[in-house]
Amino acid sequence: MYGLAIIDIIAILLYFIIVLGMGYYSSLRIKNQEDYFLGGRRFGKLVQTFAAFGQATSVENAVGMTVIVFRNGLAGVLQSVSGIFYMPLYWITAVWYRRLRTITLGDFFEERFNSKGIAAFYAVVSAIFFMMIIGLGFMAMTKTVTAITEKPTTELTTSQLAQREKAIELENLENTDIRLLSDSDKERMKELRLLEPKKEYSYINEMFLMWLVALIVVLYAGFGGLEAAFLNDTLQGILILLLSILLVPFAYDKIETLFNVDGMKGVIEVARSKLPESAFELWGSPQLTDFTWYYLVVLTITIFINISTQANQLTTCGSAKDDYTARFGFTSGIFLKRIASLLWGITAILLIVLYSDLISNPDYLWGKATRDLLGPLNIGLVGLMIACLLAALMSTATALMITASSLLTHNLVRPLFPGKSEKTYLNIGKTNGFLIMLGAVASAMWFDNIFQMLKILWEFNIIIAAGFWLGMKWRRANRKAVWVSAISTAMLFFILQLIIPMFPGVKTNKYLAKTVEPKEIVSEYKARKVDVQDRINEIQLWEDLNEKGVINTPRPIQLVEGEVFSKKYITEERSIFWSKGIKYNNEGEVYGSGLLSLELVALDAIGFNLSKNDHAYNETLRLLIRSIWPFFILILISICTKPESKERLDRFYVKLKTPSLADRKEDERQLNISYQNPNRYDYKKMFPKSNWEFEKFEKLDIKGLLYFSLGGALILGILYILSYLGK
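Residues numbered from 1 in each chain as written. Predicted model: local features only at pLDDT ≥ 70, side-chain atom pairs only at ≥ 80, totals over all residues. Heavy atoms only, no water.

Participant: It is not clear to me how the overall build of the chain should be interpreted in this structure. Could you clarify?
Facilitator: From N to C terminus, the chain includes 28 helices and four strands. Accessible surface for the chain amounts to roughly 31,100 Å². Of this, 62% is attributable to carbon and sulfur atoms. (Helix = DSSP H or I, 4+ residues; strand = E, 2+ residues; numbered from the N terminus. Areas by Shrake-Rupley, 256 points an atom, 1.4 Å probe, with all protein chains shown as cover.)

Here is the structure:
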């Protein structure tokens with residue numbers, strides 16, 4: 001049934017029944033907005049840990065890891081665990097969100113800048129962001145589940161078989177050196193690219209699956225609120241950890257059997273023979289165009305700046321019962337994610353060793369492996385894997401849906417329609433949750449692949465990031481500066497880049513179709529079996545070209561395994577300005593697809609010839625401009641305009657320094673003492689008599705920073721060991 005065994009379907013149905021049951025139980029405990037959106041602020045360390053882990057970990061993390069590693073080797077794993085470099089800082093920032101004592105992070109902007117407008121703007125920006133994150137999870141989940149339930153060719157219809165044959169024909173043409181193709185072959189390849197024929201077909205329709213999961217999320221989280229989400233996160237966190245290791249022993253065993261090796265040493269030797277040495281370079285290699293060391297450094301900084309602005313940070317930390325629970329639960333949950341990411345990286349390497357010759361689209365790699373490795377056992381493991389994938393998606397989707405719903409309800413609807421009853425606002429919140437899921441499905445349909453969507457999400461929150469960071473720690477930041485910074489950033493880097501391509505002639509403009517010039521890079525490696533086979537293929541290609549008389553270079557020399565050789569790489573001619581690259585339209589014209597990078601267009605137009613740069617270098621420049629601009633504008637405007645009211649700033653910052661307590665009455669009493677004496681905690685200031693509100697580190701701060709730094713060093717050390725063993 002649907003390409004699954006009965007026992008697999010039973011495992012999936014059992015998961016859904018448990019999830020819906022938790023949602024119903026939680027719905028009985030909801031009395032007001034705080035109960036619905038923050039679970040009554042009653043969660044302890046265990047629930048907080050799994051809540052942070054669950055919302056930070058979705059299906060695209062595991063599936064996306066295989067995509068990134070397929071394209072970039074271990075450098076892709078390093079990118080995914082790069083959060084270890086800023087993870088210890090969560091030990092500090094988690095306390096900020098709890099001490100705000102607000103329902104949403106939008107309330108922070110209203111309170112700090114005395115502006116309901118900025119809070120509403122933040123709510124809309126965050127809601128769009130969360131729609132895209134949930135949409136990314138939908139995309140990863142559906143691609144994987146449809147790959148698991150792929151139809152065999154014997155069950156395809158006549159039209160599907162015809163499509164499949166065209167897809168295979170296109171694949172063969174694209175894998176053939178362009179110099180060997182006749183003019184008719186080239187025309188045929190262009191024609192097939194426009195048709196975009198489909199190769200894989202599933203028993204399950206992708207759209208139906210998206211809507212089914214969206215409906216279940218709305219049912220259990222829409223009615224049960226954050227408590228339902230967090231209770232499920234505890235269950236789903238366990239399933240996500242199971243997902244992280246489920247394929248490893250089976251992939252390991254198949255490599256041993258398939259390649260007739262024994263033990264870890266044998267598996268490592270197979271990986272060395274199947275993958276080039278460059279795949280094990282942590283800081284990238286000439287053929288790994290997405291992740292160079294300088295791009296990774298800038299990307300890591302950008303992600304940390306942006307991720308701290310996400311409203312779900314407050315949802316998680318703000319629902320903790322006190323300061324220590326917030327910081328311990330959140331940081332340990334994120335640390336758990338880094339461990340899971342490392343496990344996904346190891347799984348990805350094993351899967352690439354097994355299936356890289358069989359699958360051209362890495363989006364389907366996890367699904368293919370699940371069907372091939374777990375299916376033959378027929379003991380429900382395929383159903384368990386699907387349940388794990390759904391858990392990974394739904395744990396994130398529920399937390400983000402409720403966070404976005406709370407923002408829209410509390411910071412957009414409430415100011416526009418004040419004075420309504422708690423029941424009315426709760427019903428509006430549930431309706432908003434449904435709308436968020438609609439937007440998530442729509443965003444999943446807009447992007448071509450997982451990697452494109454990831455890159456947009458890494459950068460999106462830069463719109464409001466400067467307002468958050470400088471609002472938290474710099475007294476001079478004011479509402480005018482936040483408005484100018486946020487609107488100019490949104491216009492320059494997102495809205496205009498989406499709208500301008502809609503004008504006639506923009507997408508087909510020849511100047512905007514510029515690509516980076518291909519470069520020849522020479523690196524030295526020790527020959528492996530894969531290198532020897534590649535050289536045999538090069539020799540065969542040379543002979544074919546020589547027979548046609550279209551080559552004048554010397555015949556490549558046969559390689560011997562173990563000898564040092566020089567390998568030439570020709571970098572890709574990738575689009576400079578378009579986020580989704582260059583494509584062909586129905587008239588066969590070249591056109592740009594996706595967002596138009598105006599910052600790079602401007603740089604190129606004023607004399608920086610970006611076609612001479614590496615693609616990663618241009619991407620680094622783009623990230624730097626996007627990250628610096630909002631902070632520069634906010635600081636500039638703040639200096640030139642009046643600061644906010646001193647009385648309100650004193651009240652805000654003393655609250656931020658007053659520890660939050662589990663005893664609600666005592667917490668309120670301590671707050672009142674602080675309000676009466678705004679200078680109560682001035683002795684904690686790191687820079688006395690300045691406008692900067694950084695606090696001195698206490699013993700607990702230092703211990704947490706040290707422990708989680710050591711944990712990050714351990715993960716990085718394991719990654720370096722993998723790199724060493726691979727090379």
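Participant: For this particular structure, what's the right way to read the layout of surface pockets?
Facilitator: A water-sized probe, rolled over the atoms, reveals where empty space remains. Roughly 570 Å³ of volume is contained in the second largest pocket. Mapped onto the lining of the second largest pocket, the elements with two or more residues apiece are helix H6 (90-100), helix H16 (323-355), helix H21 (462-473) and helix H28 (699-726). The element contributing the most residues to the lining of the second largest pocket is H6, with five residues. (1 Å grid on protein atoms, 1.4 Å probe; cavity = no way out; pocket = protein on both sides within 12 Å on 5 of 7 lines; lining within 4 Å. Points joined across faces, edges and corners; volume = space filled by probe spheres on them.)

Participant: For this particular structure, what's the right way to read helix H24 (residues 598-605)?
Facilitator: Residues spaced three or four apart along an α-helix point in a common direction, a consequence of the helix completing one turn every 3.6 residues. Listed as buried for H24 are Glu599, Leu600, Val601, Leu603 and Asp604. Turning to H24, the residues buried within the fold contact helix H22 (479-499) and helix H25 (615-640). Positive backbone phi, approximately 125 degrees, marks Gly607, located one or two places after H24. (Buried < 20%, exposed > 50% of the residue type's maximum accessible area, 1.4 Å probe, protein only. Contact = heavy atoms within 4.5 Å.)

Participant: Sorry if this is basic, but what is going on with unusual backbone geometry here?
Facilitator: Most peptide bonds adopt trans geometry, and most residues besides glycine take a negative phi value. Even without being glycine, Asn260 reaches a positive phi, approximately 55 degrees. Examined against the element boundaries, Asn260 turns out to sit in the loop between helix H12 (248-258) and helix H13 (263-274).

Participant: Just to check I follow, could you spell out the environment of Asp701 for this structure?
Facilitator: Inspection of the secondary structure puts Asp701 in helix H28. A relative accessible area of 11% means that Asp701 is categorised as buried. It is 7.2 Å that separates the C-alpha atoms of Asp701 and Trp91, two residues lying 610 residues apart in sequence. Not counting residues up to four positions away in its chain, the partners in contact with Asp701 are Trp91, Ile92, Arg327 and Lys696.

Participant: What is the right way to look at the side chain of Ser126 in this model?
Facilitator: Examined against the element boundaries, Ser126 turns out to sit in helix H8 (residues 116-148). If we skip the residues at most four places from it in the chain, Ser126 touches Ala311 and Leu407.

Participant: Even after reading the chapter, I still don't get empty space enclosed by the protein, so can you show me in this structure?
Facilitator: In the structure shown here, the tally under the stated rule is two cavities of 30 Å³ or more. Here the second largest cavity defines a volume of roughly 40 Å³. What lines the second largest cavity is a set of 10 residues, among which Pro276, Glu277, Ser278, Tyr525 and Asp531 lie closest to the centre. Only strand S1 (520-526) and strand S2 (564-570) provide two or more residues apiece to the lining of the second largest cavity. It is S2 that provides the largest number of residues to the lining of the second largest cavity, a total of three residues.

Participant: Mind showing me how you'd approach a nonpolar patch on the surface here?
Facilitator: A cluster of nonpolar side chains, contributed by Ile487, Met491, Ile495, Leu498, Ile499, Met502 and Phe503, occupies part of the molecular surface with about 640 Å² of accessible area. Looking at Met502, the relative accessible area reads 63%, which means it is exposed. (Patch = residues over 30% accessible without salt bridge, like charges linked within 9 Å, V, L, I, M, F, W, Y side chains within 5 Å. Salt bridge = Lys/Arg side-chain N within 4 Å of Asp/Glu carboxyl O.)

Participant: How should I be thinking about the packing of aromatic side chains in this particular structure?
Facilitator: The geometry of an aromatic ring pair is captured by two quantities: the separation of the ring centres and the angle between the planes. In total, this model carries 27 aromatic pairs according to the counting rule given. Considering the side-chain rings of Phe460 and Phe494, the 5.1 Å spacing of their centres and the 65 degrees angle between planes classify their relative orientation as edge-to-face. Pair noted here: Phe460 is in helix H20 (residues 450-460) and Phe494 is in helix H22, with a separation of 34 residues, a long-range link. Using a relative accessible area of 9% as the deciding quantity, one classes Phe460 as buried. The buried category is assigned to Phe494, whose relative accessible area is 9%. Directly above the ring of Phe494 sits Arg626, whose terminal nitrogen or CZ lies 5.1 Å from the centroid. (Phe/Tyr/Trp six-rings, centres within 6.5 Å; stacked < 30°, edge-to-face > 60°. Lys NZ or Arg CZ within 6 Å of the ring centre and 35° of its normal.)

Participant: Would you mind going over H13 with me for this structure?
Facilitator: Look at H13: 17 Å from first C-alpha to last across 12 residues, which is about the 16 Å you get at 1.5 Å a residue. Among the residues of H13, Gly266, Val267, Ile268, Val270, Ala271 and Ser273 are the ones counted as buried. Contact partners of the buried residues in H13: H12, H16, helix H23 (529-548) and H28. (Expected span 1.5 Å × (residues − 1).)

Participant: Sorry if this is basic, but what is going on with the packing of H8 against helix H17 (residues 365-374) here?
Facilitator: Think of two packed helices as two axes; the pair is described by the angle between the axes and how far apart they sit. Orientation of H8 relative to H17, taken along the N-to-C sense of each, is 35 degrees, at an axis distance of 7 Å. For the pair H8 and H17, the sense of crossing is right-handed. Mapping the contact onto sequence places Thr144, Ala147 and Ile148 in H8 and Trp366, Gly367, Lys368, Thr370 and Arg371 in H17. Among the residues making up the contact of H8 with H17, the classes are represented as three nonpolar, three polar and two charged. (Axes fitted to C-alpha atoms, helices over the stretch in contact; angles between N-to-C directions. Left-handed = near helix turned anticlockwise from the far one by under 90°. Nonpolar A, V, L, I, M, F, W, Y, C, P; charged D, E, K, R; others polar.)

Participant: Honestly, the environment of Thr316 in this entry has me stumped. Any pointers?
Facilitator: Tracing the backbone shows Thr316 in helix H15 (residues 311-318). In the structure, Thr316 is positioned 267 residues away from Thr49 in sequence and 9.3 Å away in space, judged by C-alpha atoms.

Participant: How should the pattern of salt bridges be read in this particular structure?
Facilitator: Between side chains of opposite charge, a pair can form as their charged atoms come close. Under the counting rule described, the total for this entry stands at 26 salt bridges. Arg555 serves as the salt-bridge partner of Glu543, at 3.0 Å between the closest nitrogen and oxygen. Of the two residues, Glu543 is situated in helix H23 and Arg555 in the loop between H23 and S2; the sequence distance between them amounts to 12 residues. Given the relative accessible area of 43%, Arg555 is considered partly exposed. Connected through shared salt-bridge partners, Arg475, Lys646, Asp650, Lys657, Asp682, Lys685 and Glu693 make up one network.

Participant: Just to check I follow, could you spell out the confidence of the model for the chain for this structure?
Facilitator: Predicted coordinates in regions of low pLDDT should not be interpreted in detail. Averaged over every residue, the pLDDT of the chain is 81; residues scoring 70 or more account for 86%. Of all the helices and strands in the chain, helix H2 (residues 33-38) carries the lowest mean pLDDT, 50, while H22 carries the highest, 94. (pLDDT = per-residue confidence, 0-100.)

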